[in-house]
Amino acid sequence: VLGLILAGVGVALLAGGITFGVLSESDVAAARDRRLTVSDAFALWTSSNERALLANLGLVGGGALSAGGLAVLLISALTGSKP
């Protein structure tokens, strides 16, 4: 059960990381609009950086938890014990 929980949470974090990555790219594209004021472009740039940080954390954390869950499942399968 532990392996499945870890893997499930990891996949959810990966999905969140991908979502924040897409949102970050959207903010960057919007900030490049030359019709924006400097303060609006800066606000979008700041938002993009915050979302990129969340994307990186989600991808790294999700990958680590997914790998850990998979390792628990594989080890328990190989040893014949319940995870």
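A brief look at the structure comes next. Given the structure is predicted, the values throughout are model-derived calculations rather than measurements.

## Let's talk about the pattern of salt bridges
Item 1. All chains considered together, the criterion is met by 2 salt bridges.
Item 2. D27 serves as the salt-bridge partner of R51, at 3.2 Å between the closest nitrogen and oxygen. Of this pair, R51 sits in helix α2 (residues 38-79) while D27 is found in helix α1 (residues 2-31), placing the two residues 24 residues apart along the sequence.
Item 3. Classification of R51 as partly exposed rests on a relative accessible area of 26%.
Item 4. Owing to a relative accessible area of 9%, D27 belongs among the buried residues under this scheme.

## Side note on a nonpolar patch on the surface
Item 1. A cluster of nonpolar side chains, namely F20, L23, L53, L54 and L57, defines an oily patch on the protein surface of about 440 Å² accessible area.
Item 2. Residue assignment for the nonpolar patch shows that the elements contributing at least two residues are α1 and α2.
Item 3. Examining the composition of the nonpolar patch, we find that 3 residues originate from one element, α2, more than from any other.
Item 4. Residue position: F20 is located in helix α1.
Item 5. On the accessibility criterion, F20 (30% relative accessible area) is partly exposed.

## A few points about the environment of L53
Item 1. Relative to the elements of secondary structure, L53 occurs in helix α2.
Item 2. As a C-alpha pair, L53 and G17 span 36 residues in sequence and 9.1 Å in three-dimensional space.

## Re α1
Owing to its 3.6 residues per turn, the α-helix brings residues three or four apart onto one side.
Item 1. Across its 30 residues, α1 extends 43 Å between first and last C-alpha, which sits within 8% of the 44 Å expected from 1.5 Å per residue.
Item 2. Among the residues making up α1, those that are buried are G3, A7, G10, G17, S24 and D27.
Item 3. Turning to α1, the residues buried within the fold contact α2.

## Topic: α2
Item 1. Counted at 1.5 Å a residue, the expected span for α2 with its 42 residues is 62 Å, and the 61 Å between its end C-alpha atoms agrees.
Item 2. Listed in full, the buried residues belonging to α2 are A41, S47, S48, A55, G58, G62, S66, G69 and S76.
Item 3. Contacts from the buried residues of α2 go to α1.
Item 4. Backbone geometry just after α2 places G80 at a positive phi near 80°.

Rules used throughout
- Residues numbered from 1 in each chain as written.
- Predicted model: local features only at pLDDT ≥ 70, side-chain atom pairs only at ≥ 80, totals over all residues.
- Heavy atoms only, no water.
- Salt bridge = Lys/Arg side-chain N within 4 Å of Asp/Glu carboxyl O.
- Helix = DSSP H or I, 4+ residues; strand = E, 2+ residues; numbered from the N terminus.
- Buried < 20%, exposed > 50% of the residue type's maximum accessible area, 1.4 Å probe, protein only.
- Patch = residues over 30% accessible without salt bridge, like charges linked within 9 Å, V, L, I, M, F, W, Y side chains within 5 Å.
- Areas by Shrake-Rupley, 256 points an atom, 1.4 Å probe, with all protein chains shown as cover.
- Expected span 1.5 Å × (residues − 1).
- Contact = heavy atoms within 4.5 Å.

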